[in-house]
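Understanding the architecture of this molecule
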Amino acid sequence: GPRGLAALGTDVVLATGDSQLVRFDVTDGSAATVLAGLGEPWGIATDPIQANHIYLAERTLNRISSLDLDSGRPLTLAAQVAPADVATLGVDPFPSPRALALEERGARLLVMTEFSGSASLRTLDLRNPTDYDQPADGVADPFVRELTQFIQTNATISTGPDGLRI
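What counts as what
- Numbering of residues starts from 1 in every chain and runs along the sequence as written.
- The predicted nature of this model means local features are confined to residues of pLDDT at least 70 and side-chain atom pairs, given and counted, to a pLDDT of 80 or more, with totals for whole chains, interfaces and linings taken over all residues.
- In computing side-chain properties, one takes all heavy atoms of the structure into account and sets aside hydrogens as well as water.
- Here a strand pair is declared whenever DSSP counts at least two bridges between the two strands.
- Think of it this way: any DSSP run of H or I at least four residues long counts as a helix, any run of E at least two long counts as a strand, and we number them from the N terminus.
- Only the contacting stretch of a helix is used when fitting its axis, a line to C-alpha atoms as for every element, and angles between N-to-C directions run 0 to 180 degrees.
- Under the scheme applied here, a residue whose accessible area is under 20% of the maximum for its type counts as buried, over 50% as exposed, and between as partly exposed, the area being computed with a 1.4 Å probe on protein chains only.
- Here a polar contact is recorded for every N or O atom pair within 3.5 Å, except that within protein the pair must consist of a potential hydrogen donor and a potential acceptor, and residues adjacent in sequence are included only if both atoms are side-chain atoms.
- Within 6.5 Å between ring centres, the rings of Phe, Tyr and Trp (the latter by its six-membered ring) count as paired, and their orientation is classed by plane angle as stacked under 30 degrees, edge-to-face over 60, tilted in between.
- Each ring is checked for a lysine NZ or an arginine CZ that lies within 6 Å of its centre and within 35 degrees of its normal; such an atom marks a charge sitting over the ring.
- Should a side-chain nitrogen of Lys or Arg be within 4 Å of a carboxyl oxygen of Asp or Glu, the pair is scored as a salt bridge.

1. Some thoughts on the sheet that holds strand β8 (residues 73-76)
Sheets are built from strands that pair by backbone hydrogen bonding, the pairs being arranged parallel or antiparallel. Here we have four strands laid out as an open sheet, ordered β5-β6-β7-β8, and antiparallel in their pairing. Taken across any chain shown, the strands that pair with only one partner, and hence form the sheet edges, are β5 (41-46) and β8. For this sheet, the mean angle separating the axes of adjacent strands, direction not counted, is 30°. Relative to strand β7 (residues 63-68), strand β6 (residues 53-58) is paired through six bridges, and the arrangement is antiparallel. Within β7, the residue paired with Leu-56 across the bridge is Ser-65.

2. Structural notes on the side chain of Ser-66
Considering the arrangement of structural elements, one finds Ser-66 in strand β7. The class of Ser-66 is buried, set by a relative accessible area of 8%. A polar atom in the side chain of Ser-66 sits 2.7 Å from the side chain of His-53.

3. Details of the packing of aromatic side chains
Across all of its chains, the model carries zero aromatic pairs by this definition. The ring of Trp-42 has Arg-98 lying over it, and the distance from NZ or CZ to the ring centre is 5.0 Å. Of note, Arg-122 hangs over the ring of Phe-115, and the distance from its end group to the ring centre comes to 5.8 Å.

4. Description of the pairing of strand β11 (residues 118-125)
One face of the sheet, then the other: side chains in a regular strand alternate in exactly this way. The buried count for β11 comes to seven of eight residues, which makes it a mostly enclosed element. In this sheet, β11 lies alongside strand β10 (residues 108-115) in antiparallel orientation, the contact comprising eight bridges. Residue pairing across strands places Val-111 opposite Arg-122, the latter belonging to β11. Linking β10 to β11, which pair antiparallel, is a turn of two residues; within it Ser-116 sits at a positive phi near 55°.

5. Here we look at the pattern of salt bridges
Scanning all chains against the criterion turns up seven salt bridges. A salt bridge links Glu-114 to Arg-98; its shortest N-O distance comes to 3.0 Å. Here Arg-98 lies in the loop between α1 (86-89) and β9 (100-103) and Glu-114 lies in strand β10, a separation of 16 residues in the sequence. In this structure Glu-114 comes out as partly exposed when scored by relative accessible area, which is 22%. Taking the shortest distance from any N to any O, the salt bridge between Asp-125 and Arg-108 comes out at 2.9 Å. Taken together, the positions of Asp-125 in strand β11 and Arg-108 in strand β10 put the pair 17 residues apart, joining distant regions of the chain. The class of Asp-125 is partly exposed, set by a relative accessible area of 23%. Of the residues examined, Arg-108 reaches a relative accessible area of 23% and is grouped as partly exposed.

Below, the structure is given as structure tokens:
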């Protein structure tokens, strides 16, 4: 079954499952594979600034990809763990990523990860906070930050106005 769902406009739903990303058009009931051969895809977040652009979590590959749905080419985000944080966070910026969300109008990516048996919420600044029109290329700050750890590993994340995180 699907692990992650995201609306793309009002007529399209994207879903992850098995090793693929699937596009469902609710107007005609059609379904099409957008991308296959993924490493246990989970979370999806749609970019509020760039149309037809998403972020995709691949759990077994420990990565988050940026994907332009028009070209169909995924690019792994250029994220890393700061050398001073490797002892506590490990070397992978996004170990076993599951849920994704964007906040700050698409400038910051939130990622639920699993490391050393516990879930953690990590962030990556995608865009300069004063220039939201910059492309989301992961260069605003390439280092991930850990916000908090949870005991429950099946946690998820959602965002809302005024910094709300659920």
